[in-house]
Amino acid sequence: MFNFGMKSNLATPASAKSGLPFNRLEPHLINADLHSHSCMSDGALEPRELALRAAQNGVQLWALTDHDEVVGIAEARAAANEVGMPFLGGVEVSVTWAGETVHIVGVGIDEKNPALVDGLRRTRDGRDTRAVEMGKGLARAGIQDAYEGALCYVRNPGLVSRTHFARWLVNTGHCSSINEVFQRFLVEGKPGFVAHRWASLSEAIQWIKGAGGIAVMAHPGRYRFSPAVLELLIEEFKQCGGEGIEVICGSHTKDQYVRFGEVAKRFDLMASRGSDFHAPDESHTELGRLPLLPDWLVPVWHRLI
Ligand code: AMP
Ligand code: MN
Ligand code: MN
Ligand code: MN
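Cut-offs and rules
- Residues numbered from 1 in each chain as written.
- Chains lettered and ligands numbered in written order.
- Predicted model: local features only at pLDDT ≥ 70, side-chain atom pairs only at ≥ 80, totals over all residues.
- Heavy atoms only, no water.
- Donors = N, O, S within 2.8 Å, 3.2 Å for Na, K, Ca; no water.
- Helix = DSSP H or I, 4+ residues; strand = E, 2+ residues; numbered from the N terminus.
- Buried < 20%, exposed > 50% of the residue type's maximum accessible area, 1.4 Å probe, protein only.
- Pairing = 2+ DSSP bridges.
- Contact = heavy atoms within 4.5 Å.
- Axes fitted to C-alpha atoms, helices over the stretch in contact; angles between N-to-C directions.
- Expected span 1.5 Å × (residues − 1).
- Arc of directions from axis to C-beta.
- Salt bridge = Lys/Arg side-chain N within 4 Å of Asp/Glu carboxyl O.
- Polar contact = N/O pair within 3.5 Å; in protein donor to acceptor, adjacent residues only side chain to side chain.
- Left-handed = near helix turned anticlockwise from the far one by under 90°.
- Nonpolar A, V, L, I, M, F, W, Y, C, P; charged D, E, K, R; others polar.

A. Structural view of the coordination of the manganese ion (ligand 4). Here the manganese ion (ligand 4) is held by the protein donor atoms His35 (NE2), His37 (NE2), Glu92 (OE) and Asp276 (OD), which lie 2.1 to 2.2 Å from it. The sequence pattern describing where the donors of the manganese ion (ligand 4) fall on their chain is H-x1-H-x54-E-x183-D. Separation of the manganese ion (ligand 4) from the manganese ion (ligand 2) amounts to 4.5 Å. Separated by 241 residues along the polypeptide, histidine 35 in the loop between β1 (32–33) and α1 (47–56) and aspartate 276 in the segment after β7 (270–274) bring together distant segments of the chain. According to the relative accessible area criterion, histidine 35 is buried, its value standing at 0%. A relative accessible area of 12% means that aspartate 276 is categorised as buried.

B. Geometry of the sheet that holds strand β2 (residues 61–64). Judged by pairing direction, the sheet is mixed, and its 7 strands sit side by side in the order β1-β2-β3-β4-β5-β6-β7 without closing on themselves. Either end of the sheet is taken by a strand with one partner, and the two such strands are β1 and β7. Pairing geometry for β1 and β2, over 2 bridges, is parallel. Note on β2: the bridge partner recorded for aspartate 33 is tryptophan 62. Packed on one face of the sheet, helix α2 (residues 73–82) meets β2 and β3 (87–97) and runs near 145° to β3.

C. Layout of helix α9 (residues 227–239). The first and last C-alpha atoms of α9 sit 18 Å apart over 13 residues, in line with the 18 Å expected at 1.5 Å per residue. For α9, every residue scored as buried is listed here: Leu230, Leu233, Ile234 and Phe237. All buried residues of α9 lie within an arc of 95° about the axis, which places them on one face of the element. Along α9, exposed side chains directed more than 90 degrees from the buried face belong to Ala228 and Gln239. Close packing links the buried residues of α9 with β3, β4 (100–107), α8 (201–210), β5 (214–217), β6 (244–249) and α10 (254–266). Taken from the residues just after α9, glycine 241 is the one with a positive phi, measuring 110°.

D. Molecular detail of the pattern of salt bridges. A full pass over the atoms with the stated rule returns 18 salt bridges. A salt bridge links glutamate 46 to arginine 155; the shortest N-O distance between them is 3.0 Å. Placement of the pair is glutamate 46 in the loop between β1 and α1 and arginine 155 in the loop between α5 (146–151) and α6 (162–171), with a sequence separation of 109 residues. The exposure class assigned to glutamate 46 is partly exposed, which follows from its relative accessible area of 23%. Arginine 155 sits in the partly exposed class, given a relative accessible area of 43%. Between glutamate 282 and arginine 167 there is a salt bridge, and its shortest N-O distance comes to 2.7 Å. Taken together, the residues glutamate 282 in the segment after β7 and arginine 167 in helix α6 connect sequence positions 115 residues apart. Connected through shared salt-bridge partners, Asp118, Arg121, Arg122 and Asp125 make up one network.

E. Spotlight on the coordination of the manganese ion (ligand 2). Those protein atoms acting as donors to the manganese ion (ligand 2) are Asp42 (OD), His67 (NE2) and His278 (NE2), and they sit at 2.2 Å. Between the manganese ion (ligand 2) and the manganese ion (ligand 3), a separation of 5.5 Å is found. Of this pair, histidine 67 sits in the loop between β2 and α2 while histidine 278 sits in the segment after β7, and the two are 211 residues apart along the sequence. For the pair shown, histidine 67 and histidine 278 are each scored as buried.

F. Fine view of the environment of glutamate 75. Here glutamate 75 is to be found in helix α2. Distance from glutamate 75 to proline 47, taken between C-alpha atoms, is 6.1 Å for residues 28 residues apart in sequence. Apart from the residues lying within four places of it in its own chain, the contact partners of glutamate 75 are Glu46, Pro47 and Arg48. One polar contact links the side chain of glutamate 75 to the main-chain amide nitrogen of arginine 48, over a distance of 2.9 Å.

G. Molecular detail of the packing of helix α4 (residues 127–140) against α6. Packing of α4 against α6 leaves a shortest axis separation of 11 Å and a crossing angle of 35°. Seen from above, α4 lies across α6 with right-handed handedness. Taking contact as the criterion, the partners of Arg130, Ala131, Met134, Gly135 and Leu138 in α4 are, on α6, Arg162, Phe165 and Leu169. Of the residues assigned to the contact of α4 with α6, the class counts are 5 nonpolar, 1 polar and 2 charged.

H. The arrangement of the packing of helix α3 (residues 114–124) against α8 in detail. Put simply, α3 and α8 touch, their axes get as near as 8 Å, and they point 145° apart. α3 and α8 meet at a crossing whose hand is left-handed. Together, Ala115, Leu116, Gly119, Leu120, Arg122 and Thr123 of α3 and Glu203, Trp207 and Ile208 of α8 make up the contact between the two elements. Of the residues in the contact of α3 with α8, the class split is 5 nonpolar, 2 polar and 2 charged.

Structure, rendered in structure tokens:
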């Protein structure tokens, strides 16, 4: 059922719609990576370094999707253009739904759209206060100066995230891996966790659509909802204008590829593929190295290329 091959598709005729070098008859064969992070959010590489890494790995269509931030897109696009790698502007918006954090990726956005820019700015507001509180929580657990420590890993002052705390905690020897930090300190119920209210689902989707993009539900396999509640989320996502769902992504197992492929089909959503790459030594998945989308799904880039 799945095509796990990586057949190159670059030597095919240009798409009539975009002029990009794709044969639109076989869009599922494109090595697209539509989910990745630079140091403008919680990734470790500069947008340019990330672009070069993606190109080196054979990515044929790339999107930078920093958390709640679009400031890296211009550099990413310029670098992608230099190496001839088709590029889409993107973002991963933090959303609070049913008291839990859900991520909505936007691809194909105009990063200058004023409503999007303003909405993201408001979504980022509060991250610093939250980080100060996280530092206090960790201090109560006996770990001093974590906020100041995390800031040493922050490149974009508006975007301090749990990942920056995790890097500091690993590099100072408090934990041996990023994953261990999250389990011991940064998830609900643990000393460094501070609940935060992000954008609403409908706001996030409106910002993305208003900026000309497609809203995609990120890594559905990661949420802690029951299957029934997850279906409610997907229904509301669709009612708000959401059109895509990640099927092949860095945090999904092979079983989840199948499960969410079927979900995409059943809910009539386009399917996306993205590594969610953050850093060379941390990410589960390298840029552009996931299995291809199966041919029975409609890729989100079908509409964008
Ligand atoms: P924040 O937006 O500050 O809440 O940070 C969320 C980020 O933390 C996610 O985008 C991931 O990069 C990272 N993250 C969350 N959970 C884990 C985990 N269990 N292991 C590693 N990284 C995680
Ligand atoms: Mn992240
Ligand atoms: Mn995410
Ligand atoms: Mn992500």
